[in-house]
Amino acid sequence: GIMPIIRPSSDLRNKYAEIAAYCHQAPEPVFITKNGVGDLAVMSMETYERLAGMHSLRTELEQGLRDVREGRTVSAADAFRLVGEQA
């Protein structure tokens, strides 16, 4: 994969525009260190929303698979009938 971009916390103050520009053109976070230790991940709102959406979708899929494993399902015919009743 791509090497992560790692910057010191002082760059948030001194080079904010540069970090912001990178975040808006790259679909990944910039990792910020404090005293040489990882502290924050900074990303554009678009990247955040994409990552949060992927997490939400994964959570929904995992719940669906759990429902199937535990027998919480209905037949397609029953599902279509239930949807038709609600319309």
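Nothing here was measured: the structure is a model prediction, and the numbers come from that model.

Novice: Pulling in residues and values, what's your account of the pattern of salt bridges?
Specialist: Two side chains bearing opposite charge may form a pair once their charged atoms approach each other closely. In this structure the tally under the stated criterion is 5 salt bridges. Here R72 makes a salt bridge to E70, at a shortest N to O gap of 2.6 Å. Of the residues examined, R72 reaches a relative accessible area of 46% and is grouped as partly exposed. When its relative accessible area of 48% is taken as the criterion, E70 is described as partly exposed. Each of R7, D11 and E18 takes part in one network of salt bridges that share partners.

Novice: Which residues make up the sheet that holds strand β3 (residues 37-42), and what are the values?
Specialist: The strands making up a sheet are joined through hydrogen bonds of the backbone, oriented either antiparallel or parallel. Read across the open sheet, the 3 strands follow the order β1-β2-β3; overall the sheet is mixed. Pairing within the sheet leaves two strands with one partner each, and these edge strands are β1 (5-8) and β3. With strand direction ignored, the average angle separating the axes of adjacent strands in the sheet is 35°. With 5 bridges joining them, strand β2 (residues 30-34) and β3 adopt antiparallel strand pairing. Residue pairing in the sheet places F31 in a bridge with A41 of β3. Against the sheet, helix α2 (residues 16-25) contacts β1, β2 and β3, and its axis sits at roughly 145° relative to β2.

Novice: Please provide a residue-by-residue account of the environment of A26, values included.
Specialist: Position of A26 relative to the elements: it lies in the loop between α2 and β2. Overall, the relative accessible area of 9% leaves A26 in the buried class. Separated by 17 residues in the primary sequence, A26 and M43 have C-alpha atoms spaced 8.8 Å apart.

Quick notes on the rules
- Residues numbered from 1 in each chain as written.
- Predicted model: local features only at pLDDT ≥ 70, side-chain atom pairs only at ≥ 80, totals over all residues.
- Heavy atoms only, no water.
- Salt bridge = Lys/Arg side-chain N within 4 Å of Asp/Glu carboxyl O.
- Buried < 20%, exposed > 50% of the residue type's maximum accessible area, 1.4 Å probe, protein only.
- Pairing = 2+ DSSP bridges.
- Helix = DSSP H or I, 4+ residues; strand = E, 2+ residues; numbered from the N terminus.
- Axes fitted to C-alpha atoms, helices over the stretch in contact; angles between N-to-C directions.
- Contact = heavy atoms within 4.5 Å.

Nothing here speaks to function; it is geometry throughout.
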